[in-house]
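Residue-level listing of the chains:
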Amino acid sequence: PCQATRASKFLERLLPALENSHKRLGYGMETLTAANKGWMPIDEFVAKFKKAVDLFYGGRWRRAYDERWHIRGRVTGQDITIGKNGPHYHQHNLIVVDKSPFWVTLNAGEQSGSRYSLNQWRVAHMWHEAAQRWIDCCAKVGLYADLEHGYHLEGANNSVAYYIAKLGMEIGLYANKS
């Protein structure tokens, strides 16, 4: 089957799983980026970026990080946006995390069975660990990232919901074209 068909079938399995999992799982969004101020051809940048991603997710550090923060999986998507400095390649990861005492409801008045998100304390500590690691991985492959523009982590919120909806729409559009 074509990639659009596979993606559509994956979404058909993913969405019910996400819908039914909210009692035991929570969500957040990682974004990985690096500076490309128009000086590197996009294909070269993407190749280096993918090497940095492999370094970031490889090895004992990442396994220990995932275990420490109860990360159970990721759904990954890559984007290229065009800005004033040329093309900008980045990766978004919907992270799926076991709930723990660190979780809080999105709206304080909601019942305990409602949707959950990473709280700010957990986001800050996870970000602190991962941001420097991402900067180091980028440097090893000849890319530049810093604490302000490099690794970003947020709990499930409207921008995360927007990205998931955007991904679903794009997959739907591509599926309709095949």
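Here's what I pulled together on the structure shown here. Remember, predicted model here, so these are calculated numbers, not experimental data.

Moving on, we get to the side chain of T31. Its place among the elements puts T31 in strand β1 (residues 25–33). By relative accessible area, which is 13% here, T31 ends up buried. Side chain to side chain, T31 and H92 meet in a polar contact 3.1 Å long. Once residues lying within four places of it in the same chain are set aside, the contact partners of T31 are H90, Q91, H92, G150, Y151 and H152.

Moving on: the nonpolar core. By size, the foremost hydrophobic cluster in this structure holds 28 residues, and its most contacted members are F49, W134, L143 and Y151. Contributing elements (two or more residues each) for this core: α2 (42–57), β3 (86–98), α4 (120–140) and β6 (151–155). Setting aside chain neighbours within four positions, we find Y151 in contact with E30, T31, L32, F56, Y65, W127, A130, A131 and W134. L25, Y27, V75 and L94 belong to the second largest nonpolar core, which has five residues in total.

Running from N to C, α2 and α4 point in directions that differ by 135 degrees, and their axes come no closer than 8 Å. Comparing their axes, α4 and α2 come out oblique. Relative to α4, the crossing made by α2 is right-handed. Mapping the contact onto sequence places F49, A52, V53, L55 and F56 in α2 and A130, R133, W134, C137, C138 and K140 in α4. Of the residues that constitute the contact of α2 with α4, the class distribution is nine nonpolar, no polar and two charged.

The next point concerns the environment of Y144. Here Y144 lies in the loop between α4 and β6. When the C-alpha atoms of Y144 and A34 are compared, they prove to be 5.6 Å apart, with 110 residues separating the residues in sequence.

Conventions adopted
Residues numbered from 1 in each chain as written. Predicted model: local features only at pLDDT ≥ 70, side-chain atom pairs only at ≥ 80, totals over all residues. Heavy atoms only, no water. Helix = DSSP H or I, 4+ residues; strand = E, 2+ residues; numbered from the N terminus. Buried < 20%, exposed > 50% of the residue type's maximum accessible area, 1.4 Å probe, protein only. Polar contact = N/O pair within 3.5 Å; in protein donor to acceptor, adjacent residues only side chain to side chain. Contact = heavy atoms within 4.5 Å. Core = buried A, V, L, I, M, F, W, Y, C linked by side-chain atoms within 4.5 Å. Axes fitted to C-alpha atoms, helices over the stretch in contact; angles between N-to-C directions. Parallel < 35°, antiparallel > 145°, perpendicular 65-115°, else oblique. Left-handed = near helix turned anticlockwise from the far one by under 90°. Nonpolar A, V, L, I, M, F, W, Y, C, P; charged D, E, K, R; others polar.

Coordinates in, geometry out; function isn't part of it.
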